Amino acid sequence: MMKIDHRVNKINLKFAFLLLITSIYAYIQGGVLSYTILYIFLSIFIIAIITSISYYFSIKVNVELNEDTFYVKDNTNIKLIVSNKGIFKIPYLIIKGKLFSLNEDKYEGEAMSIPHFGVSEYSYCIKFKVRGNYDLKSFTIFISDIFNIINIKKQIKNKDTIKVYPKIYDLEKLMSSKNKFYENAFLKMGLLEDIYSIREMREYREGDNLKRVNWKVSAKANKLVVKNYDALSCKEVIVLLDMNESIYEEDSMSLKEETLIDICISWIMYSLNQNIRVKLYINAKNEEAISVKSKEDFSNLMEFFVGNKSDGVREYNKFIASKSNELRNNPIIMITGKVTGSLIRSLSKINKDKKNITVFYLDKEHTKEDFENLSINGISFVDINLMSKDPHGTSF
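Residues numbered from 1 in each chain as written. Predicted model: local features only at pLDDT ≥ 70, side-chain atom pairs only at ≥ 80, totals over all residues. Heavy atoms only, no water.

Regarding the overall build of the protein
Threshold: Helix and strand definitions here come from DSSP, where helices need a minimum of 4 consecutive H or I residues and strands a minimum of 2 consecutive E residues; each element is numbered from the N-terminal end. Under the scheme applied here, a residue whose accessible area is under 20% of the maximum for its type counts as buried, over 50% as exposed, and between as partly exposed, the area being computed with a 1.4 Å probe on protein chains only. Residues count as neighbours in contact if any of their non-hydrogen atoms are within 4.5 Å of one another. Surface exposure here means Shrake-Rupley accessible area, sampled with a 1.4 Å probe, where a residue is shielded only by the protein chains that are shown.
The number of helices and strands found in the protein is 13 helices and 19 strands. Here the protein holds 396 residues, and the buried ones make up 47% of them. Considering only intrachain contacts with a sequence separation of at least 6, the fraction spanning at least 24 residues in the protein is 70%. Counting only carbon and sulfur atoms, one obtains 52% of the accessible surface of the protein, whose full area is about 21,100 Å².

Considerations on the nonpolar core
Note the cut-off: Buried Ala, Val, Leu, Ile, Met, Phe, Trp, Tyr and Cys residues that are joined via side-chain atoms within 4.5 Å together make up what is termed a nonpolar core.
Judged by nonpolar contacts, the single largest core of 35 residues is most densely connected at L241, L280, I282, L301, F305 and I335. Mapped by element, the contributors of at least two residues to this core are β14 (235–242), α8 (255–273), β15 (276–283), β16 (288–292), α9 (295–307), β17 (332–339) and β18 (357–364). The leading source of residues in this core is α8, at 10 residues. In terms of nonpolar packing, the next biggest core, distinct from the first, is built from 28 residues, V63, F70, I78 and V82 among them.

Examining the confidence of the model for the protein
Applied cut-off: Confidence of the predictor at the level of single residues is captured by pLDDT, which takes values from 0 to 100.
For the protein, per-residue confidence averages 79 on the pLDDT scale, and 78% of positions sit at 70 or higher. Long-range and interchain partners of residues 1–6, a stretch whose pLDDT sits below 50, account for 18 contacts in this model, where long-range means more than four residues apart. Counted against residues more than four places away or in other chains, residues 177–199, with its pLDDT under 50, gives 82 contacts.

Comments concerning the sheet that holds strand β4 (residues 75–84)
We apply this condition: By definition, two strands form a pair when at least two bridges between them are found by DSSP. Interaxial angles span 0 to 180 degrees and are taken between N-to-C directions of axes, which are lines fitted to C-alpha atoms, for helices over the stretch in contact.
Strand order in the open sheet made by the 3 strands is β2-β4-β7, with antiparallel pairing throughout. Edge positions in the open sheet fall to β2 (59–65) and β7 (119–127), since each of these has one partner strand only. Between one strand and the next, the sheet's axes are offset by a mean angle of 20°, whatever the strand orientation. Of the strands in this sheet, β2 and β4 touch helix α2 (residues 32–58), which is tilted by about 25° from β2.

A closer look at the packing of aromatic side chains
Our working rule: To pair, rings of Phe, Tyr and Trp, with the six-membered ring standing in for Trp, must have centres within 6.5 Å; the planes then decide the type, stacked if under 30 degrees apart, edge-to-face if over 60, and tilted in the middle.
Enumeration over the complete set of coordinates arrives at 12 aromatic pairs. When the centroid spacing of 5.8 Å and the interplanar angle of 40° are considered together, the rings of F15 and F41 count as tilted. Taken together, the positions of F15 in helix α1 (residues 13–29) and F41 in helix α2 put the pair 26 residues apart, joining distant regions of the chain. Like F15, the residue F41 is buried in the burial classification. With centroids separated by 6.1 Å and ring planes inclined at 25°, the aromatic side chains of F15 and F45 adopt a geometry described as stacked. Remark: F45 occurs in helix α2 and F15 occurs in helix α1; sequence separation between them is 30 residues. F15 sits in the buried class, given a relative accessible area of 11%.

Next comes the structure, spelled out in structure tokens:
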């Protein structure tokens, strides 16, 4: 739905003053010359009024998008089409909108002139940095007539916003043998073995992880044989997502928060593809417990993240402690912006009963708590910053 608001922004005061002086002079002095000058100024003013009225009725703006669905960090091609449907040339026009701030050059708008019945097209390649609803079809247009006497401001407001969803990464590639860092983080603690069963054996291929080699079978076959894993059905993974707003206070552009949401979404999608249910607990102002068992559940979750930002006030370690009775014996994925000393102490208590815990984090405090000891005794820590350096193009 589009709403158009147009109004005269200002009239050139110098011209208005000259028109007034000319009128007074013609009235007092009289004569052909003085009235000729007055009629010239009046004609110019009338032409400015007529063309200005034509401008705000004849200017049209349209935005064409090359996609129907948009995700964070994807390149999106957008075409801006500005057309003049009138019989008068528009000598000077400036168009501004949120679309231009997303462009890499980060300028405020475009300046142009458009001939009668003419069209100006501009193409942009933008990259959405954070999820959310974007208003890319609303613009403010400033138009001047040929004499620069009347300046018009026209606002085009479009309620059709564009939804940008969290980025879904291909964890199949990240967990492949060629991405050993990511896979080892889970094999080290036995997480993969817990939620996966051996589906079949196949011959070793260059780049396969040696941890998958079945040495007994290889010895009998006189060649290297590796294990293929298949997800066990009727298994559930617990995901604990930290959306405490204090973690991201210094993250003015919300890039850190976006990374964590992307990881969370990617893990859930990967689990669904492997027939693994997910129970997601979100540490937000209004705490959420979301079961994801189907593609429909996943779509609803994506919609949830589009409209919700980190606003939690509860400390993550207290949030985890409150959920201890619900964690049961399923593998646990924790996703947080910072590993604090209080979180490590909470993990130490949980680890007495839970063995398959993996913590994704962006930063950690310099603390006296034994970070390394937890890694040895059953908790796997994955530094997301290291994952972002993955050379195969599938990283966060």
